[in-house]
Each structure stands twice: as C-alpha cells, then as structure tokens.
Amino acid sequence: MTRARNELRLLAFLMLLFLLCPAAPGQSLRLPPHEKFVLKNGLTVLLLEKRGVPLISIFAIVKTGAAADPTGEEGLASVTAALLRKGTKNRTAQQFSADLDYIGGSFSADAGADFTAISAEFLTKDLARGLELFSDAVLHPTFPQSETDKILAQSLDGVKAAKDEPNSVLGLYYAGYLYGAHSYGRPSDGDEVSLKRIQRDAITKCYEANYAPGDTILGVAGEFDAAEMRKKLEETLGAWPARSVPNMAIPAAAPAKGKKLLLIDKPDATQTYFAIGNIGTAANDPDRVAIRVVNTIFGGRFTSELNEALRVESGYTYGASSFFDSRKAPGPFGIFSFTKNETTTPAIDLALQVLEKLHKNGVTEEQLKSAKSYIKGQFPPTIETSGQLARRIVVNEFYGLNDDEVNQLEARVDAVTPAIAKQVIEKHFPLDNLVFVLIGKASAVGPAVKKYADKVDGRSITEPGFWPPPAAPK
Amino acid sequence: MKTIRYGRTALLLLCAWGLASSEVRAQSQEFPVTTRTLKNGMKVLVQPDHSIPNVALYIFYRIGSRNERPGTTGLSHFFEHMMFNGAKKYGPGDLDKVMEANGGSNNAYTTQNVTVYQDWFPRSALSLIYDIESDRIRDLTFDPKKIASEREVVASERRLSVDNNNFGLLDEQLWASAFIAHTYQWPVLGWMSDIEHWTMDDLKHHFEMGYSPGNATMVVVGDVSSEEIFQLCEKYIEPIPTHAPPPPVTTVEPEQLGERRLVVHKPAELPIVMIGYHVSETNNADFYALNILRSVLFQGESSRMYQRLVDKDQLALDVSADVEPAFDPTLAIITAQPRQGVDPQACEKAIYEELEKVKGAPISDQELEKAKNNRLVEFYRQMRTINGRANTIGTYEVFMGDYHKLFDAAKSYSAVTKEDVERVAKKYFGANNRTVATLLPADEEKAKQ
C-alpha cells in the first residue's frame with residue numbers, strides 16, 4: 001500500500017467532515033439515493049454511494065436460514081456459513097485470513113432463523129482485492145474435512161461456553177419453550193447433540209441447495225462510483241452460475257394458550273433471569289410502527305414503564321425491557337429482566353402488573369409525545385454508516401419493505417394516537433396467555449414460581465440441548 | 001465479550017486497543033476541533049459535523065476506582081449512578097424523563113481511571129442538555145430513598161457481571177492478586193460488602209472531591225457550531241465554581257519479582273485462563289510498539305496466537321488481549337478459553353511459547369505492515385460516527401494529555417521498528433512479571449480429587 005495515498009485519503013475525509021452541509025431544520029431524514037438492479041445470473045444488487053469515509057461495506061442475504069435446518073441437525077446453516085472462508089478453490093483457510101487481515105478487511109457469515117447474512121468491509125482503495133475475497137468465499141468454498149471438523153467442535157464448545165452465562169442462553173430456551181417444534185424454536189447455532197450429528201456431506205448439500213444468485217440480495221454501500229462498482233460486480237459475482245432455489249416457507253406459529261413455565265436449573269446462580277411473553281409479530285406487520293411506539297413506552301427505553309418499575313422505583317434489577325423480534329413469520333415477543341434469588345417472585349409479579357396496567361390504562365398523550373420524540377431523535381445515528389445503510393436496504397428488500405420504512409418513519413410515528421395504541425395493545429401484547437422461562441437456582445426459587453402457571457417444566461442447564469430436550473443420538 | 005464495562009446500563013465500549021486502533025498515518029492538523037478552557041478549568045473540545053442532525057456529548061471526569069480507599073471501594077461507580085438520581089432543578093427521575101421526551105438518551109461508565117457521562121440527542125435538545133448537565137454538576141442532591149434503591153441496582157449489576165459471569169469473576173481476582181499496593185487492586189464495582197456499607201457522607205465527599213469542573217473535559221461532536229457550544233458553556237458551565245481536584249494517587253506498584261498464580265473453582269462448562277502482565281501507563285513511549293505487538297499476536301484469524309491456539313493446536317475456543325486506558329502502569333491481560341478437555345496449562349504453555357518467539361526473533365515485514373494497515377482501517381471505523389469521534393477525541397485528550405496525539409500517532413507509528421516490538425516483548429512479557437488466574441470447573445475439579 002502507498003502511504004502518501006492514505007494520507008491524502010485521510011485529509012480528504014477530514015475535509016469532508018468539515019464541509020458537509022448542515023441538515024436543513026425540519027427536514028425529515030431520508031435514505032440516501034440508491035439503485036437496484038439484477039445481474040444476468042439473477043443476483044439482486046443494491047448500491048448506495050456514501051462519500052466521506054473511504055470504506056466499502058457489503059451486506060448480503062442468502063434467503064435461506066436456520067429455519068430450514070433439518071430437525072436434529074440444528075446449526076447446519078450456521079456451520080455452512082462459518083465454513084465459507086475456511087478453504088476455497090483458490091485459498092486455504094489460513095491464506096484467506098492472511099489476505100483479508102493484510103488489508104485490514106473483515107468478513108463474517110452467520111445464519112439467523114430467516115436468512116444467512118454475509119458481511120464484509122474494506123478500504124475503498126482495496127476494492128478489487130476485497131471483492132475478490134468476498135466472491136471467493138461465497139462462490140468457491142470447498143469445505144475441507146479438517147476445517148469442518150474444527151468448526152463443528154468449536155461450535156459445540158461455543159454452546160457450552162454460552163451456558164456459563166445465563167444471559168446469553170435465556171433467549172434460546174425461551175424460543176424453544178415458546179415455539180416448540182416450530183422452526184423458530186430451534187437453536188440456529190445448534191446444540192450439543194445436533195452438532196455431533198452434522199456431517200460434511202450435509203454441509204456441502206446445504207451450500208449447493210441454498211446458495212444461489214437468484215436467492216441472494218447483495219447490498220454495497222460506501223465510497224465508490226456506482227457505474228464502476230456495477231462493472232466490478234459483474235466481473236466477480238456475475239460469474240456465479242445462474243440458479244434459483246425455492247423460497248424457504250415459514251408457517252406462522254399459533255400463539256401459546258394458557259400459562260406455562262419452564263425453569264432451567266443453574267444451582268450456582270445468585271440471580272434469576274426471566275423472559276415472559278408469547279408469539280409476537282412479523283416484520284411486515286401493518287401495525288409495526290405503532291407497535292414500536294407502544295413498546296418504547298412499555299419496555300423499550302430507560303424510562304419505560306418496565307424499567308421504571310423494576311429498576312428505578314424498586315431496585316429489583318439493573319435492567320428490565322421488552323422486545324418484539326419481528327421476522328418473516330411472527331417472531332417472539334418478550335419481557336426480559338433478572339433479579340436476585342430472594343426477589344424473584346416480587347419482580348415477576350411487578351412485571352406482570354406493569355403489563356396489566358398497560359392493558360387497563362393504555363398510554364397517555366404525554367407518553368406518546370415523549371416516545372415519538374425519542375424514536376425520532378434516536379433514529380439518525382442508526383443510518384449513519386455505510387455498514388448500517390447496506391444492512392438496512394438489504395433487510396428491507398428481503399422483508400418486502402421499501403424506503404418508506406425510513407423516509408416515512410417520522411410521519412408514521414406521528415400518526416399514532418392513543419386509540420391506535422389501545423388497539424395495538426389489545427392485539428399484540430399478550431395478557432392472559434403467557435409463557436415463562438426462568439434460569440436460576442431451582443432449589444431456591446422453584447417452589448414459589450409454580451404459582452404463575454398450570455404447567456411447569458424443568459431441566460438442568462448442564463443437560464445437552466435447550467428445549468425441547470433433544471432426542472438421544474442414534 | 002471479555003471487556004466488561006461497568007456503568008449505568010450494559011454497554012461494551014472502548015478498550016485501550018480501541019484507543020490504540022485510532023492511530024493513523026497523517027500529518028494533518030486540519031482536523032476541525034476547536035477547544036476552549038473555561039474560567040473554572042473545564043476544557044471543552046468541539047468538532048462540528050452536520051451529516052446527521054444529532055449530537056454526541058461526552059464529559060470525562062478524572063476520577064475512578066483508583067481514587068478510592070478500602071471500605072468504600074466502588075464508590076465512583078455508585079456515584080456515577082447517583083448522578084442520574086436528582087439535582088436541584090431536575091429532581092429524581094426527571095433527568096431521564098425530560099431527556100428522552102426531547103429525543104435524547106444517555107449512559108455513563110466508570111473505570112479505574114475515569115467516570116464518563118454520555119448524551120446522544122437531536123440538535124433541538126442542545127440547550128436543554130446543557131441545563132441538565134449544569135444542574136447535576138452544581139447541585140446534585142442525595143435522597144436517602146434513592147440511595148437505598150440504587151444500592152440494590154448496583155448489587156444487581158454486580159451479580160450480572162461478576163457473580164454470574166465467569167470472565168468478570170476471574171478478572172476481578174486477577175487484578176486483586178496482580179496489585180499489592182496500587183489502588184488498581186480492587187474492582188470498579190466495589191466489593192459487595194463495601195456496596196452495602198458506604199454512607200451518605202462518603203457520597204458527598206466523593207462529589208466534592210471528583211466533580212470539580214476543573215477535573216473534567218467535555219467533548220461535543222455533531223450538528224453544532226463551536227461558537228454556540230462555547231456560548232452555552234459560558235452560560236451554563238462556566239459559572240460553576242471550581243475547587244481542588246482529587247489528591248494525587250502517589251502509590252507506585254512495586255516491581256513484581258516472581259510469577260503469581262491463583263485458582264477459582266466455580267461450576268462451569270469450560271475453564272478460563274487469564275494472564276496479566278504489568279505494562280506501562282497509556283501515555284508512554286512504549287504504547288505504540290505494544291500495540292503493534294498486540295496486533296501481530298492477537299488481531300484477526302491470521303494472528304500468531306489465533307493460528308497457534310485456536311486453529312492449529314485447537315487448544316482454545318478464543319484467545320485475546322486487552323488493556324484499559326490508564327493513568328498509571330496497568331495490566332495487559334491475555335484471555336484464553338480452553339476447549340473442553342484441554343488442560344488450561346496447555347494453553348498457557350502455547351501462549352508462553354509464542355511470546356518467546358517474538359522475543360527471540362524480529363517479526364516479519366509483512367506482519368509489521370499488516371499491523372499498520374489495521375490501524376488505518378480501524379481509525380476510519382471509529383471516526384465514522386459522531387459518537388465514535390467524541391469518544392476517541394476525549395480518550396486521547398484525557399489519557400494521552402492532548403487530542404493532537406491522534407495525529408502525532410502517525411509519526412509515532414511509522415517510527416516503530418521490528419526491534420522496538422522485540423524490545424517491548426522482552427521488557428514486559430517475562431515470567432516474573434505475570435499473574436496467572438485460572439478458573440476451573442468445580443465438578444471437574446472434584447472428579448480429579
């Protein structure tokens with residue numbers, strides 16, 4: 001690399017920061033202009049030029065995710081993604097890392113429930129090398145047996161390591177207990193049993209079946225010339241043989257009826273971690289903006305009703321919140337917090353009271369006004385960088401949403417009234433049908449928490465898998 | 001997830017390598033930061049950037065757990081929480097409610113060295129934020145009821161990040177063993193018994209000691225002009241009287257004369273190894289060479305330690321190194337999580353062997369060049385958001401003594417030679433200078449006996 005060039009780039013970067021025009025007051029935030037086209041092989045491309053920082057961010061979605069993992073082989077899509085950089089037609093895993101690290105680049109790939117996400121970032125001056133590396137991993141992985149064995153064994157230990165921190169596995173137990181056999185209930189990174197079942201053969205088949213240009217959305221954002229970028233993409237990813245694969249279908253899961261509780265025993269825990277809720281909403285739910293406004297009030301910020309009650313007023317916890325994990329099909333909704341063993345039931349009681357209060361009282365004009373300001377005021381830094389922008393336009397495209405998600409956000413937020421909020425609460429926030437998942441010291445908290453549900457289940461955190469308990473390996 | 005930050009709400013923020021990573025090869029002095037020192041001694045740094053209609057405001061107070069005493073450990077961190085619990089104009093709970101209702105959010109964190117307050121808000125909330133900040137710097141109140149409930153909140157934070165977090169637990173034990181004299185030996189969160197026992201008077205004393213405007217640096221980046229910030233400072237901040245800063249921390253940690261070892265037995269699926277080496281304070285000439293060394297050993301999957309421990313020998317799930325920005329000589333901590341069934345000492349042995357290699361022969365030209373390329377990319381990554389810039393500028397100003405070093409670092413980095421890297425490896429990474437902390441799964445340990 002040339003030093004002088006870098007210095008010039010830096011200078012240009014700093015000057016640009018200085019010269020950027022002020023945002024006109026009152027003008028609402030808009031996504032920077034971007035273009036969409038489809039390469040001859042069917043690859044959907046979104047390009048967004050963003051000047052000022054000499055970086056290029058790539059975010060790609062392969063439209064098949066962990067939800068398509070065969071039952072008993074959970075983790076297959078994740079392991080497949082992790083192996084993309086671990087040996088290609090042109091490079092060993094070590095060579096790939098050496099080439100990537102030399103330019104200070106990044107590359108990562110992981111499968112969530114709905115899709116597999118592949119992201120990369122490098123300096124604009126390294127565009128040719130960066131794109132070549134990205135294409136090499138996505139188009140030409142060879143899945144060497146030795147690297148496959150390594151990734152599978154590491155993933156398995158990764159599950160064990162996660163179980164040492166209740167915080168990091170609560171969501172997995174919660175999803176499993178909430179969704180049961182539905183694909184959203186299964187751990188996307190696998191568990192101690194499923195990872196032992198996965199063979200290299202299944203991985204190569206997973207790649208061959210799911211990685212296809214017709215099934216992929218590629219977003220590139222950052223400092224580049226769009227025409228030049230298009231040419232470069234045609235030269236690299238354009239070489240991916242045309243193919244399309246059937247869309248992964250995910251049925252909507254039926255919300256849980258009644259009340260049930262799962263207690264995961266961690267005998268050394270001094271604090272109980274809990275999640276309470278039911279199945280929530282899909283990413284394209286027409287009520288999504290109103291839900292966001294109401295959830296901001298309920299559990300989505302520091303002064304939310306949940307945090308006010310459980311932290312500020314009572315000191316039960318360091319934090320209490322609620323979330324909607326919105327996906328292709330309705331994803332989980334949950335209230336999340338933790339508290340010392342002795343205050344487990346008072347804290348859960350209080351969380352339930354806050355939920356009941358939301359249903360009973362709805363939200364006030366004043367709360368709405370505050371939440372609207374908060375959402376609008378906190379939004380701009382979420383579309384500040386090329387990495388954030390690349391991700392946002394690609395995820396929108398995947399869920400069939402458009403630029404109005406950003407460009408109309410302020411107007412949509414402002415349109416929410418107490419009456420709309422009331423409807424949203426009734427429709428989307430559970431009340432009588434609730435699933436409880438707790439990780440804690442069962443001998444200390446077990447007897448008291450039985451009161452929350454008619455059906456109570458339990459197992460030890462050290463037992464393999466999450467929920468439901470995995471079938472024993474054949 | 002190895003770097004644990006103690007603060008108001010859970011956030012993982014900069015570590016010293018983040019600071020290190022913002023080095024860049026540039027001679028440029030064009031960086032449009034304007035500074036002014038107020039009459040009460042607070043230094044204000046402003047960088048206008050109008051790309052989004054938002055502002056990031058940081059206030060760094062030079063007070064942390066290093067300024068504490070036995071019996072009241074954790075007070076700085078607890079005090080940080082109390083700074084949100086009511087002042088004269090904005091009473092208990094008002095600060096957050098008013099700030100969020102105006103589109104803003106906030107957080108704070110405490111380290112051994114500093115207590116840092118952060119506000120992120122739309123430009124429309126600018127004067128309100130100054131009103132809030134001046135209110136709590138000048139007229140903080142101490143409501144006994146709030147103290148009682150906040151004590152519980154902090155205890156919960158401790159249970160989250162220490163008692164129920166094996167990395168946090170082992171890290172605490174490591175510092176307590178590596179330092180026998182200097183105040184870095186106790187946890188930022190404080191020992192639980194101290195959390196339970198400090199008094200209102202302790203809190204008041206802490207406020208008087210640490211929260212003088214002259215003991216603070218303010219950094220503002222975003223949709224503002226320097227002039228309007230200075231005017232707001234004149235109106236809201238400058239009238240706040242200054243007073244004496246905390247007494248200097250004069251204790252110097254004596255040289256470590258031999259390896260120290262400790263073991264923690266805890267129910268766990270996997271063990272952990274942490275090795276702490278005493279290294280220089282942040283504002284030291286060795287800083288740059290240490291960072292190159294760290295990059296060669298730990299950065300990326302092509303780094304020597306990753307290649308050896310994670311990839312080739314498959315001894316560890318992960319291996320990393322961290323150093324916090326520090327006013328006094330501190331610890332560089334290497335953390336490895338052994339794979340299941342791997343003896344933690346096998347990880348140790350591999351780490352020591354790799355350290356011996358960098359002491360015995362110069363790193364390659366390619367490795368040196370790679371480390372420098374990584375500095376450049378990370379500089380851009382950090383500097384591309386208003387928040388990242390406020391944090392980086394402030395961290396340089398406070399820990400390096402002058403934000404200009406952000407640019408001098410260019411020269412300092414190009415001056416680093418392979419011999420320098422070898423020299424700092426030899427100087428700091430010897431057996432006598434290390435403390436080794438191992439967490440062993442309790443059940444496994446029982447089975448062995």
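Cut-offs applied
- Residues numbered from 1 in each chain as written.
- Chains lettered and ligands numbered in written order.
- Predicted model: local features only at pLDDT ≥ 70, side-chain atom pairs only at ≥ 80, totals over all residues.
- Helix = DSSP H or I, 4+ residues; strand = E, 2+ residues; numbered from the N terminus.
- Rg over C-alpha atoms; globule rule 2.2 N^0.38 Å.
- Buried ≥ 20, exposed ≤ 12 C-beta atoms within 10 Å, placed from the backbone.
- Contact = placed C-beta atoms within 7 Å.
- pLDDT = per-residue confidence, 0-100.
- Nonpolar A, V, L, I, M, F, W, Y, C, P; charged D, E, K, R; others polar.
- Pairing = 2+ DSSP bridges.
- Axes fitted to C-alpha atoms, helices over the stretch in contact; angles between N-to-C directions.
- Domains from an automatic or database assignment.
- Parallel < 35°, antiparallel > 145°, perpendicular 65-115°, else oblique.
- Left-handed = near helix turned anticlockwise from the far one by under 90°.
- Core = buried A, V, L, I, M, F, W, Y, C linked by C-beta atoms within 7 Å.
- Expected span 1.5 Å × (residues − 1).

1. Observations concerning the overall build of chain A
Along its length, chain A carries 18 helices and twelve strands. A globule of 474 residues ought to have a C-alpha radius of gyration of about 23 Å, and chain A, at 24 Å, matches this closely. Reported as C-alpha extents along the three principal axes, the dimensions of chain A are approximately 65 × 65 × 40 Å. A buried classification covers 53% of the 474 residues belonging to chain A. If you take every contact in chain A between residues at least 6 apart in sequence, the share linking residues at least 24 apart comes to 82%.

2. A look at the overall build of chain B
On a plain count of helices and strands, chain B comes out with 17 helices and twelve strands. The C-alpha atoms of chain B give 22 Å as radius of gyration, which agrees with the globular expectation for 449 residues (22 Å, within 12%). If one aligns the C-alpha atoms of chain B with their principal axes, the spans along those axes are about 60 × 50 × 40 Å. Across the 449 residues that make up chain B, the buried fraction comes to 57%. Counting contacts in chain B only where the partners sit at least 6 residues apart, residues at least 24 apart contribute 81% of the total.

3. Focus on the confidence of the model for chain A
Caution is warranted with low-pLDDT regions, since their predicted coordinates should not be read in detail. In this model, chain A carries an average pLDDT of 93, and 94% of its residues clear a pLDDT of 70 or more. A low-confidence stretch, residues 1-26 of chain A stays under pLDDT 50, and its non-local contacts, those more than four residues away or across chains, total 39 contacts.

4. A word on the interface of chain B and chain A
Facing the 63 residues of chain B at the interface are 64 residues of chain A. Elements supplying a minimum of two residues to the side of chain B that touches chain A: α3 (94-101), β6 (115-122), α5 (144-163) and α13 (365-383) of chain B. Sort the elements by how many residues they give to the side of chain B that touches chain A and α5(B) lands first, with nine residues. Class assignment for the residues of the side of chain B that touches chain A results in 20 nonpolar, 25 polar and 18 charged.

5. Observations concerning the sheet that holds strand β8 (residues 271-279) of chain A
Reading across the sheet, the six strands line up as β9-β10-β8-β11-β7-β12 (chain A) and stay open at both edges, with mixed pairing between neighbours. At either end of the open sheet lies a strand with only one pairing partner, and these are β9 (320-324) and β12 (455-460) of chain A. Taking the axes of each pair of neighbouring strands and ignoring which way they run, one obtains an average angle of 15° across the sheet. Judged from the seven bridges that link them, strand β7 (residues 259-265) of chain A and strand β11 (residues 434-440) of chain A form a sheet pairing that is parallel. Looking at β11(A), one finds that K259(A) is bridged to L434(A). In this fold helix α6 (residues 166-179) of chain A packs onto β7, β8, β10 (332-340) and β11 of chain A, with an angle of close to 145° to the strand it touches most, β11(A). Relative to the sheet, α5(B) contacts β8 and β10 of chain A, its axis offset from that of β10(A) by approximately 105°.

6. With respect to the domain arrangement of chain A
Note on interface size: it is often stated as the accessible area lost on association of the parts. All names here are of chain A. According to the domain assignment, chain A contains domain 1 (34-239) and domain 2 (259-384 + 407-460). On a C-alpha basis, the centres of domain 1 and domain 2 stand 31 Å from each other. Taken together, the contact between domain 1 and domain 2 spans eleven residues of the former and 15 residues of the latter. Of the residues in the side of domain 1 that touches domain 2, the class split is nine nonpolar, one polar and one charged.

7. Some words on unusual backbone geometry
Note that the residue after W467(A), namely P468(A), is joined by a cis bond; omega there is -5°. Tracing the sequence through the fold places P468(A) in the segment after β12. Within the chain, F143(A) stands out as a residue other than glycine whose phi angle is a positive 50°. You can see F143(A) is positioned in the loop between α4 (127-139) and α5 (145-163). Although it is not a glycine, Q314(B) sits at a positive phi angle of roughly 50°.

8. Considerations on the packing of helix α11 (residues 305-313) of chain A against helix α12 (residues 344-361) of chain A
Residue and element names in this part refer to chain A. Where α11 meets α12, the closest approach of the two axes is 10 Å, and the angle between their N-to-C directions is 150°. Taken as axis vectors, α11 and α12 run roughly antiparallel relative to one another. Where α11 crosses over α12, the two elements pack in a sense that is right-handed. Contacts between α11 and α12 involve E305, L306, A309 and L310 from the former and A347, L350, A351, V354 and L358 from the latter. In terms of residue class, the contact of α11 with α12 is made up of eight nonpolar, no polar and one charged.

9. Description of the pairing of strand β12 (residues 434-441) of chain B
Residue and element names in this part refer to chain B. Taking burial as the measure, the eight residues of β12 include seven buried ones, the bulk of the element. Across seven bridges, the pairing between strand β8 (residues 260-266) and β12 is parallel. Looking across to β12, one finds that L262 is bridged to A437. Across six bridges, the pairing between strand β9 (residues 272-279) and β12 is antiparallel. Residue pairing in the sheet places V273 in a bridge with T438 of β12.

10. Some details on the domain arrangement of chain B
Residue and element names in this part refer to chain B. In terms of domain boundaries, chain B breaks down into domain 1 (32-237) and domain 2 (260-381 + 401-448). At the junction of the two partners, domain 1 supplies 18 residues and domain 2 supplies 20 residues. Among the residues forming the side of domain 1 that touches domain 2, the class breakdown is nine nonpolar, seven polar and two charged.

11. Re the nonpolar core
Membership of the largest hydrophobic core comes to 255 residues, with the highest contact counts inside it found for Y173(A), V293(A), V294(A), A351(A), V437(A) and L293(B). The contact partners of Y173(A), leaving out residues within four places of it in the chain, are L262(A), I264(A), V437(A), I439(A), F466(A) and W467(A).

12. With respect to the packing of helix α4 (residues 126-138) of chain B against helix α9 (residues 226-237) of chain B
Residue and element names in this part refer to chain B. Relative to each other, α4 and α9 sit at 35°, their axes nearing to 9 Å. At the point where α4 passes α9, the crossing takes the right-handed sense. Contact residues: L126, S127, Y130, D131 and S134 in α4; L232, Y236 and I237 in α9. Of the residues assigned to the contact of α4 with α9, the class counts are five nonpolar, two polar and one charged.

13. Points about α3(B)
Looking at α3(B), one finds that the buried residues are L95(B), D96(B), M99(B), E100(B) and A101(B). Against α13 (365-378) of chain A together with β5 (105-110) and α4 of chain B lie the buried residues of α3(B). Following α3(B) by one or two positions, G103(B) has its phi on the positive side, about 90°.

14. Notes on the sheet that holds strand β11 (residues 330-338) of chain B
All names here are of chain B. As summarised here, the arrangement of the five strands in space is β8-β12-β9-β11-β10, forming an open sheet in which the pairing is mixed. Each edge of the open sheet carries a strand with a single partner, namely β8 and β10 (316-322). Each strand axis lies, on average, 15° off the axis of its neighbour in the sheet, ignoring direction. Packing of helix α11 (residues 304-312) onto the sheet brings it into contact with β10 and β11, and relative to β10 it is tilted by some 155°.

15. Looking at α4(A)
Compared with an ideal rise of 1.5 Å per residue, which puts 13 residues at 18 Å, α4(A) spans 18 Å between its outermost C-alpha atoms and is within 8% of the ideal. All of the buried residues in α4(A) are G130(A), L131(A), L133(A), F134(A), D136(A), A137(A) and V138(A).

16. Brief notes about the environment of V53(A)
Residues and elements named next belong to chain A. With respect to the helices, strands and loops of the structure, V53 is situated in the loop between β2 (44-49) and β3 (55-62). C-beta crowding within 10 Å serves as the criterion here: with 23 such atoms nearby, V53 is assigned to the buried category. Separated by 166 residues in sequence, V53 and G219 have C-alpha atoms that sit 17 Å apart.

17. Some points on the environment of L290(B)
Residue and element names in this part refer to chain B. Within the secondary structure layout, L290 lies in helix α10 (residues 286-298). Overall, L290 belongs to the buried group, with 27 C-beta atoms counted inside 10 Å. For L290, the contacting residues outside a window of four places in its chain are V279 and V424.

18. Points about the pairing of β3(A)
All names here are of chain A. Counting buried positions along β3 gives eight out of eight residues, so the element sits mostly inside the fold. Alternating residues of β3 divide into L55, S57, F59 and I61 and I56, I58, A60 and V62, and every residue in both groups is buried. Note: β3 against strand β5 (residues 116-123), eight bridges, orientation antiparallel. The partner of I61 across the bridge, within β5, is A117. Both β3 and strand β6 (residues 216-222) contribute to a ladder of seven bridges, which runs antiparallel. If you follow S57 over to β6, its bridge partner there is A221.

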